[in-house]
Amino acid sequence: MNKSGPGRRFPLVVLTSLILALLLVSAAPNDAQPAVRQVLMLQSFDRGTLPVDQFTNNFRIELVRRAPEPVNVVQIVVGPTGFVGAPEQVVVDYIRSSFLDRPKPDLVVAVAGPAAVYARRYRQELFPETPILFASVDRRFLDDAPLGDKEAAVAVDNQFSRTIETILQLRPETTQVFMVMGSGQLGRFWRGELESEFGRFHDRLTFVWSNDLSLQEILRRCSSLPEHSAILYVSFGTDAAGAAFPDEQLFAELREAANAPVFAGQSVFLGHGIVGGSLLFIDEMSRDTADVAVRLLHGAAPTSIDVPVRLPGQPTFDWRELQRWGIPESRLPPGSLVRYRAPSLWSAYRNTVLSALGVLAIQSLLIIGLLYQRRARRRAEAESRRNLALAADASRRLTMSALTSSIAHELGQPLSSMIHNAQAGRMMLTAARATPDAMGEILSDIETEGVQAAQIIDRHRTMLRGRQLDTKPIDLHVVIHESLALVAHDMRTRQIEATVNLSSRPCIITGDDVLLQQVMVNLLMNAMDAMTETPPVRRRVTISTEARAADVAVSVRDAGSGLPAQIDGALFAPFVTTKAQGLGIGLTITQTIVEAHRGTIDARNNPEGGATFTVTLRRSGTQEIRSGPASVA
């Protein structure tokens, strides 16, 4: 019988269809990934030109924020400070080679005048079918030819004549303006444009041009300008010696040397030594340019985009420069904004005055309260308790300061685990391999480590908190384990081994766990300090407990040098210490805490060397311990 009929072929067809469907589904996420847009940005200047730097940074941020798909920006300097000495054709070849291993640019953005001139000159060689956007460029650089079918512009008009008018309004006595500008092609361009534009001022002003001077000569001239002069900064780039200088350095030196007020036309220079005026605001221009760039990337025809030429905005001035040059605010144009104004005395010191009044009020209340104290003894006792509380606090903080590395060590493990789990989750999400179970496990690990870190922080914070005695039933074994956890890292660092011999019977007492923890930490730290000179193989601290019928004994034994004979009988006295850096209050505070718990503490030297401190506390139920505020910190 022939078994190769349609009935046998049907499962094969179904299986093939399922495989194709799975392949299509698995390919769908890749197809859904948006294509990366390529933007070639031609810059006129290398970094250091403040207006271009601020525009470029803001434009890139706004472009990435507004574009719905990823954008890759390739920046290349083609102006007078980029590829210094290289023929222009070499720069063209370099730009084209930058896109050999990537898609051709979707948009070319030429920033400022020199880049705009360059882009037009080599338009046919630099991706002629790609739309080009002239940005942050003065309209004068585009006047030689109308915009082409593939060209759009967000142009500005610096209106330097308006700045000259501002100079004459603020300082009517001005007779000379020193023009600070760079050399080379850019300097010659601006000098030609502005000589023609400033013709209407020749009956009132003399213009001195610096495009054929070095920076040092410019600074020297600015320091000896005749009376009734002003300085107008246009653009720099390079000086006559071919050296390039960043604007911040140039303005710092210019402000230091100038004997006349300095003016400029861009807002970015406000705060660097210019007086101010009607300024072009870079931030607004960056947003406008990003909007146009997004439209062009989405297929809008350049000829459909018509952005009005941006003009200088609200007159803005630096109050400090107005004061420096004696310019009254009454001469400012209506609606002017004055920045960097020095605060008034009340604005500057209001918080200080209010704080002083508050302190005086508090002090007055304290004085009145002290006057109502009837007995000097009560005042002395209250002051003594306050000093004791401060001393206990200082001792606890000193101890915790010594354990800072322990805190960092303990937090390092959970935080490192949280970081690794988060990185693993991000990698799974990026690779589209994240499943609910896997992500749940990662989040559970992060939560567990976070709780552990919070507990570590809470334990150390509790030890630092000033407090009064808060009694409750506590297990001394728990206090011992928590105290060892606080000093564990320090023990490992000092190569000290800890041995714990705990009673098999519960050691329950009535007391304050934090203050008793301070007692244990103080004794453990003293034991470790005593073994500084002990060979590492013999460094051992032994903690033992003994539960008796009426009380509990806790001992801390070290293998150090023992207690010196000269402090016999004064071991627990304030400010008695054998440590070079010690305060001498640790054992005093320890004894005070123990006595506040109705207990005792003693110390003795061991026959084989070292010392043993023993704390004896009453077991819970044998005697009530008062829990009033008259105890320690």
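Figured I'd write up the structure that's included with this text. Bear in mind that the values here come from a model prediction, so they are computed numbers and not experimental data. (Residues numbered from 1 in each chain as written. Predicted model: local features only at pLDDT ≥ 70, side-chain atom pairs only at ≥ 80, totals over all residues. Heavy atoms only, no water.)

Below, the discussion takes up the overall build of the protein chain. For the protein chain, the count of helices and strands is 17 helices and 19 strands. Among the 633 residues that make up the protein chain, the fraction classed as buried is 43%. Taking the contacts inside the protein chain whose residues are at least 6 apart along the sequence as the reference set, 73% of them involve residues at least 24 apart. Put simply, the protein chain shows about 33300 Å² of open surface, and 54% of that area lies on carbon and sulfur atoms. (Helix = DSSP H or I, 4+ residues; strand = E, 2+ residues; numbered from the N terminus. Buried < 20%, exposed > 50% of the residue type's maximum accessible area, 1.4 Å probe, protein only. Contact = heavy atoms within 4.5 Å. Areas by Shrake-Rupley, 256 points an atom, 1.4 Å probe, with all protein chains shown as cover.)

Our next topic: the packing of helix α16 (residues 513-530) against helix α17 (residues 586-596). Interaxial distance between α16 and α17 falls to 10 Å at its minimum, and their mutual angle equals 145°. Note on packing geometry: the crossing formed by α16 with α17 is left-handed. Counted together, Leu515, Gln518, Val519, Asn522, Leu523 and Asn526 of α16 and Gly586, Leu587, Ile589, Thr590, Ile593 and Val594 of α17 form the full contact between these two elements. Of the residues belonging to the contact of α16 with α17, the class tally is seven nonpolar, five polar and no charged. (Axes fitted to C-alpha atoms, helices over the stretch in contact; angles between N-to-C directions. Left-handed = near helix turned anticlockwise from the far one by under 90°. Nonpolar A, V, L, I, M, F, W, Y, C, P; charged D, E, K, R; others polar.)

On to helix α9 (residues 282-297). An ideal rise of 1.5 Å per residue puts 22 Å on 16 residues; α9 measures up with 22 Å between its terminal C-alpha atoms. Turning to α9, its buried residues number three or more, namely Ile282, Met285, Ser286, Thr289, Ala290, Val292, Ala293, Val294, Leu296 and Leu297. For α9, the secondary structure elements touched by its buried residues are β1 (37-43), α2 (50-66), β3 (107-111), β4 (132-138) and β5 (151-156). Of the residues one or two after α9, glycine 299 is the one with positive phi, at around 100°. (Expected span 1.5 Å × (residues − 1).)

So, about the packing of aromatic side chains. Summed over the entire model, instances satisfying the criterion amount to 14 aromatic pairs. Their ring planes at 85° and their centres at 5.4 Å tell us that phenylalanine 160 and tryptophan 190 sit as a pair that is edge-to-face. Of the two residues, phenylalanine 160 is situated in helix α5 (residues 160-170) and tryptophan 190 in helix α6 (residues 184-197); the sequence distance between them amounts to 30 residues. Through successive ring pairs, a cluster of aromatic residues spans Phe141, Phe160, Phe189 and Trp190. Across the ring face of tyrosine 340, the terminal group of arginine 320 is positioned such that the distance to the ring centre comes to 4.2 Å. (Phe/Tyr/Trp six-rings, centres within 6.5 Å; stacked < 30°, edge-to-face > 60°. Lys NZ or Arg CZ within 6 Å of the ring centre and 35° of its normal.)

Following the criterion strictly, the structure yields 25 salt bridges and no others. One salt bridge in this structure joins aspartate 529 and arginine 494, with 2.7 Å as the shortest N-O distance. Within this pair, whereas aspartate 529 is found in helix α16, its partner arginine 494 is found in helix α15 (residues 476-494), the two being separated by 35 residues in sequence. We classify arginine 494 as partly exposed; its relative accessible area is 23%. Residue glutamate 608 pairs with arginine 557 through a salt bridge whose shortest N-O separation is 2.0 Å. Of this pair, glutamate 608 sits in the loop between β18 (600-605) and β19 (611-618) while arginine 557 sits in strand β17 (residues 551-557), placing them 51 residues apart in sequence. When salt bridges with common partners are traced through the structure, they connect Asp138, Arg139, Arg140, Asp143, Asp157 and Glu197 into a single cluster. (Salt bridge = Lys/Arg side-chain N within 4 Å of Asp/Glu carboxyl O.)

To continue, consider unusual backbone geometry. In this structure, serine 136 takes a positive phi of about 50° despite not being glycine. The residue serine 136 is located in strand β4 in this model. Despite not being glycine, arginine 598 has its phi angle at roughly 60°, a positive value. Relative to the elements of secondary structure, arginine 598 occurs in the loop between α17 and β18.

Before going further, it helps to spend a moment on the pairing of β4. By the criterion of burial, β4 is predominantly enclosed, with seven of the seven residues buried. Examined bridge by bridge, β3 and β4 share four bridges and lie parallel to one another. Looking across to β4, one finds that valine 108 is bridged to isoleucine 132. Taken together, β3, helix α4 (residues 113-121) and β4 constitute a β-α-β crossover, and its handedness is right-handed. Direction of pairing for β4 relative to β5: parallel, over a ladder of six bridges. Bridged to phenylalanine 134 within β5 is alanine 153. (Pairing = 2+ DSSP bridges. Right-handed = clockwise from strand over helix to strand, strands pointing away.)

Here four strands make up an open sheet; going across it, the order is β7-β6-β8-β9 and the pairing parallel. The two strands at the open ends of the sheet, each matched to only one other strand, are β7 (206-209) and β9 (262-263). Looking at chain direction, strand β6 (residues 176-181) and β7 are connected through four bridges and run parallel. Paired with glutamine 176 across the strands is threonine 206, a residue of β7. Those strands touched by α6 are β6, β7 and β8 (229-235), and its axis lies near 150° from that of β6.

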